[in-house]
Amino acid sequence: MVTPATPLPEDVVGEPLRAQLEAFVDQHRMVLTSCLHGLDEEQARRRLVPSATTLLGLVKHATFVERVWFDEAVTCRSREEIGLEAGPEESFVLHPGDTVASVQEAHLLACAASRRATASLDLDDLVHGNRRGPLPLRWVYLHVLRELAQHCGHADVLREQLLATSSTTAPPVEDR
């Protein structure tokens, strides 16, 4: 699947806030999924920290985040209806069928679904499917941006550790 061409944050400085938020979120989505580029399956699954956090697990978790915030929160469908894990910790767990290609594809599909789910909403519209109660879409975008930025940082460090201990050198992740 090809990722859609999206403007960079630098390209939307004078645009409305919605365009700016979408550009920042899309850039972080792309950076996170690209942390897997050039890695083999073992490298993507390798645990370098005591937690279950791996590069493949981070992208899988980002898919969970997309579906929680842009499906559950927007549509009010339960996690069970959506087919999601009960909590974020479980979303890092890798199953035998999880591959670099399948996890990247699921992430790209979830991002596309997120864009569709929010296309007709305004930033001040309330979404009602989150346990916190009604939230403005603006808050959802900011929360997702915060989470993606945090996980991009994790991915940078894990990838650097992985490549430092590997005889294979993968291409660098694109700059943000």
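Above: the structure in question.
Note that this is a predicted model, so its numbers are computed, not measured.

Calculation criteria
- Residues numbered from 1 in each chain as written.
- Predicted model: local features only at pLDDT ≥ 70, side-chain atom pairs only at ≥ 80, totals over all residues.
- Heavy atoms only, no water.
- Helix = DSSP H or I, 4+ residues; strand = E, 2+ residues; numbered from the N terminus.
- Expected span 1.5 Å × (residues − 1).
- Bend = angle between axes of the 7 residues up to and from the residue.
- Buried < 20%, exposed > 50% of the residue type's maximum accessible area, 1.4 Å probe, protein only.
- Axes fitted to C-alpha atoms, helices over the stretch in contact; angles between N-to-C directions.
- Parallel < 35°, antiparallel > 145°, perpendicular 65-115°, else oblique.
- Contact = heavy atoms within 4.5 Å.
- Nonpolar A, V, L, I, M, F, W, Y, C, P; charged D, E, K, R; others polar.
- Core = buried A, V, L, I, M, F, W, Y, C linked by side-chain atoms within 4.5 Å.
- Salt bridge = Lys/Arg side-chain N within 4 Å of Asp/Glu carboxyl O.
- Phe/Tyr/Trp six-rings, centres within 6.5 Å; stacked < 30°, edge-to-face > 60°.

Student: Explain helix H3 (residues 55-75) to me, and be specific about the residues and the numbers.
Tutor: Taking 1.5 Å of rise per residue, the 21 residues of H3 would be expected to cover 30 Å, and the 29 Å separating its terminal C-alpha atoms lies within 8% of that figure. The largest bend in H3 comes to about 30 degrees, at Val68. Of all 21 residues making up H3, 18 are buried, and the element is well covered by its neighbours. One or two steps after H3, the chain reaches Cys76, where phi turns positive at roughly 70 degrees.

Student: Give a description of the environment of Ser34 that names residues and reports values.
Tutor: By the element assignment, Ser34 lies in helix H1 (residues 17-34). Residue Ser34 is classed as buried on the basis of its relative accessible area, which comes to 3%.

Student: So what about unusual backbone geometry? Which residues, and what values?
Tutor: Even without being glycine, Cys76 reaches a positive phi, approximately 70 degrees. Along the polypeptide, Cys76 turns up in the loop between H3 and helix H4 (79-82).

Student: Describe the packing of H1 against helix H5 (residues 100-118), naming the residues involved and giving the relevant values.
Tutor: H5 packs onto H1 with a crossing angle of 170 degrees between their chain directions and a minimal axis gap of 11 Å. On the basis of the axis angle, H1 is roughly antiparallel to H5. Taken together, the residues of H5 that come into contact with H1 (itself represented by Arg18, Asp26, Arg29 and Thr33) are Gln104, His107, Cys111, Ser114, Arg115 and Thr118. Looking at the contact of H1 with H5, its residues break down into one nonpolar, five polar and four charged.

Student: Can you break down the nonpolar core residue by residue, with the values?
Tutor: Formed by 38 residues in total, the largest nonpolar core has its most connected members in Leu32, Leu36, Leu55, Trp69 and Val144. Elements with a minimum of two residues in this core: H1, H3, H5 and helix H6 (137-164). Take this core: its biggest share by element is eleven residues, from H3. If sequence neighbours within four positions are ignored, Trp69 has contacts with Val74, Asn130, Arg132, Leu135, Trp139, Val140, His143 and Val144.

Student: Quick one: what's the story with the pattern of salt bridges, residue by residue and with numbers?
Tutor: With the rule as written, the count across this model stands at nine salt bridges. A salt bridge links Glu22 to Arg18; its shortest N-O distance comes to 2.6 Å. Highlighted residues: Glu22 and Arg18, both in helix H1, separated by four residues, approximately one helical turn. Among the charged side chains, a network of salt bridges with common partners joins Asp26, Arg29, Glu66 and Arg115.

Student: Please set out the packing of aromatic side chains residue by residue, giving values where relevant.
Tutor: If you walk through the whole model with that rule in mind, you get two aromatic pairs. On the numbers, 5.6 Å between centres and 55 degrees between planes, the contact of Trp69 with Trp139 is tilted. In this pair, Trp69 is assigned in helix H3 and Trp139 in helix H6, connecting sequence segments 70 residues apart. Here Trp69 falls in the buried class, since its relative accessible area comes to 5%. Residue classification places Trp139 among the partly exposed residues on the basis of a relative accessible area of 30%. Both rings, one in Phe70 and one in Tyr141, keep their centres 5.6 Å apart while their planes meet at 55 degrees; by these two values the pair is tilted. Residue Phe70 is found in helix H3, and its partner Tyr141 is found in helix H6; the two are separated by 71 residues along the sequence. The pair formed by Phe70 and Tyr141 is uniform in burial state, with each residue classed as buried.

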